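Chains, contacts and geometry: an overview
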Amino acid sequence: MSYIITDIDGTLTTTGDTPNQPYIDWLNDQVMSGEEQVIVVSARSIDRLQETRAWLQENKVAGVEAVHLNDFGGTPFATGLAFKEYKYKLLIEEFGADNIEMVVDNDADVRAMARELGLEALTPDEAIASTMDTTEEAPTAENTASRVVGLEDSAEAPDDREIIDLKELETRALPMG
């Protein structure tokens, strides 16, 4: 089992309490694959714990194993980085850095600090891109023509000499006269 540590504000949300749905969908996909669990570490005040848990549930964020909110004195902006560093170190001690898949946070200073601790640290968009399937072929005239003809991944796919240009196919389909 490995863990994804995620922030809330600006990461799971876009602005205010608006969910960052593409990231939440990606995070849920990681959990549903059976590979990951989610640990929320946020600079939000510990006073917002129940509100935060309700938001996570309402927005169907799956696999949340723990929610850690800022219990340091002072404002979240003044103590957030120190709080997150403290929590990340505790999580590394508890689970090991190798079992923490990544930290996802919108704050560049937090990502830099996480990297200094030996953790991979990404923005939500970078996290989504990190697992995109890059094995699919880039479109070429050959594989596009095969798809048009309906022979993709088929032993009957035409070789270069048999490919019919899409424009020629469209022209042939026009009525005569």
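Details of the structure are given in the entry above.
So, here is what we can say about the structure in this document. (Residues numbered from 1 in each chain as written. Predicted model: local features only at pLDDT ≥ 70, side-chain atom pairs only at ≥ 80, totals over all residues. Heavy atoms only, no water.)

Here's the deal with the packing of aromatic side chains
- Using the criterion set out here, one finds four aromatic pairs in the structure.
- Ring centres 5.8 Å apart and planes at 20° place the aromatic pair Tyr23 and Trp26 in the stacked group. Linking Tyr23 with Trp26, this pair stays in helix α1 (residues 21–32), spanning three residues, or about one helical turn.
- Residues Phe72 and Phe83 carry aromatic rings whose centres are separated by 5.6 Å and whose planes lie at 85° to one another, so their mutual orientation is edge-to-face. (Phe/Tyr/Trp six-rings, centres within 6.5 Å; stacked < 30°, edge-to-face > 60°. Helix = DSSP H or I, 4+ residues; strand = E, 2+ residues; numbered from the N terminus.)

Brief notes about the pairing of strand β2 (residues 36–45)
- Most of β2 sits out of view: eight of its 10 residues are buried.
- One ladder, built from five bridges, connects strand β1 (residues 2–6) with β2; its direction is parallel. Counted as the bridge partner of Ile4 is Val38 from β2.
- For the segment spanning β1, α1 and β2, crossover handedness is right-handed.
- Pairing of β2 with strand β3 (residues 64–70), which is carried by six bridges, proceeds in the parallel orientation. Along β3, the bridge assignment pairs Val40 with Val67.
- For the crossover that starts at β2, traverses helix α2 (residues 49–58) and ends in the parallel β3, the hand is right-handed. (Buried < 20%, exposed > 50% of the residue type's maximum accessible area, 1.4 Å probe, protein only. Pairing = 2+ DSSP bridges. Right-handed = clockwise from strand over helix to strand, strands pointing away.)

Overview of the pattern of salt bridges
- In this structure the tally under the stated criterion is six salt bridges.
- We note a salt bridge from Arg48 to Glu51, for which the minimum N-O separation is 2.8 Å.
- We classify Arg48 as partly exposed; its relative accessible area is 29%.
- According to the relative accessible area criterion, Glu51 is partly exposed, its value standing at 40%.
- One salt bridge in this structure joins Glu85 and Lys89, with 3.5 Å as the shortest N-O distance. One end of the pair is Glu85 and the other is Lys89, both in helix α3 (residues 76–95) and four residues apart, which spans about a single turn.
- With a relative accessible area of 29%, Glu85 lands in the partly exposed category. (Salt bridge = Lys/Arg side-chain N within 4 Å of Asp/Glu carboxyl O.)

Section: helix α4 (residues 108–116)
- All of the buried residues along α4 are Val110, Arg111, Met113 and Ala114. All buried residues of α4 lie within an arc of 160° about the axis, which places them on one face of the element. Summarising the geometry of α4, the exposed residues directed more than 90 degrees from the buried face are Asp109 and Glu116.
- If you follow the buried residues of α4, they end up packed against α3, β4 (100–104) and β5 (121–122).
- Two to three positions downstream of the cap, the backbone nitrogen of Asp109 sits 2.7 Å from a side-chain oxygen, assigning the N-cap of α4 to Asp107.
- Downstream of α4 by one or two residues, Gly118 has phi in the positive range, about 90°. (Arc of directions from axis to C-beta. Contact = heavy atoms within 4.5 Å. Polar contact = N/O pair within 3.5 Å; in protein donor to acceptor, adjacent residues only side chain to side chain.)

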